[in-house]
Amino acid sequence: MTEQMLAAIRCVDFLKRFDGREYGKAYKEYVQTYAPVFAEAVSAALQTEEDAPLNGLAEDLLNALEAAWKKERFWNRAAAKTSHKQMLIFYLSPMLLGMENPDCTQFAELLRDGWAARWPKAAYQIADQKTIKRGFHNVILGVDLDSLRRSSDDDD
């Protein structure tokens, strides 16, 4: 199960589609592909008799991620870490926050907190997909075109 979850973070091809036009479609594809994997992993972890099963699941995923970085050539490790962090921020965390199960939200928070504990200088925040999507601006040559749109109230 950890390998499938790790694949959701290591599929950095989605980062190429992180722009105002493609992000919505890419996010939907990501959710269709990986939401069942994480839903199953979270529910399976909660059925164990451990004290903090989601903490253990988050630690296992972060350990697997760190082990994958160690397999990279040393000059590629920082780039891989940055790409994986972007996948956590732009795709995985919003997916987990958007899932109906509140345990998935808790898992996203545990991943964020576990990351911050291991790599405090590279800590990140999580947000839902709508918040991230609102961050894209329609700009040409530095002019924000969204600010030039007229509202129907201006026509009076």
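Refer to the structure presented above.
The model shown is predicted, which means the values in this text are computed figures rather than measured ones.

A. Up close: the pattern of salt bridges. As enumerated under the stated definition, the model contains 8 salt bridges in all. For the salt bridge of D13 with K16, the shortest nitrogen-to-oxygen distance reads 3.7 Å. Both residues of the pair, D13 and K16, belong to the exposed class. A salt bridge links E59 to R118, with the shortest nitrogen-to-oxygen separation between them at 2.7 Å. Remark: R118 occurs in helix α5 (residues 102-118) and E59 occurs in helix α3 (residues 53-71); sequence separation between them is 59 residues. Classification of E59 as partly exposed rests on a relative accessible area of 34%. Overlapping salt bridges bring together R17, E22, K25 and E29 as one network.

B. Layout of the packing of helix α2 (residues 23-46) against helix α4 (residues 77-98). Taken N-terminus to C-terminus, the directions of α2 and α4 make an angle of 60°; their axes are 9 Å apart at the nearest point. Our classification of the angle between α2 and α4 gives oblique. In terms of crossing hand, the pair formed by α2 and α4 is right-handed. Across from Y23, A26, Y27, Y30, V31, Y34, A35 and F38 in α2, the residues of α4 making contact are M87, F90, Y91, L92, P94, M95 and L96. By residue class, the composition of the contact of α2 with α4 is 15 nonpolar, no polar and no charged.

Procedures and definitions
- Residues numbered from 1 in each chain as written.
- Predicted model: local features only at pLDDT ≥ 70, side-chain atom pairs only at ≥ 80, totals over all residues.
- Heavy atoms only, no water.
- Salt bridge = Lys/Arg side-chain N within 4 Å of Asp/Glu carboxyl O.
- Buried < 20%, exposed > 50% of the residue type's maximum accessible area, 1.4 Å probe, protein only.
- Helix = DSSP H or I, 4+ residues; strand = E, 2+ residues; numbered from the N terminus.
- Axes fitted to C-alpha atoms, helices over the stretch in contact; angles between N-to-C directions.
- Parallel < 35°, antiparallel > 145°, perpendicular 65-115°, else oblique.
- Left-handed = near helix turned anticlockwise from the far one by under 90°.
- Contact = heavy atoms within 4.5 Å.
- Nonpolar A, V, L, I, M, F, W, Y, C, P; charged D, E, K, R; others polar.

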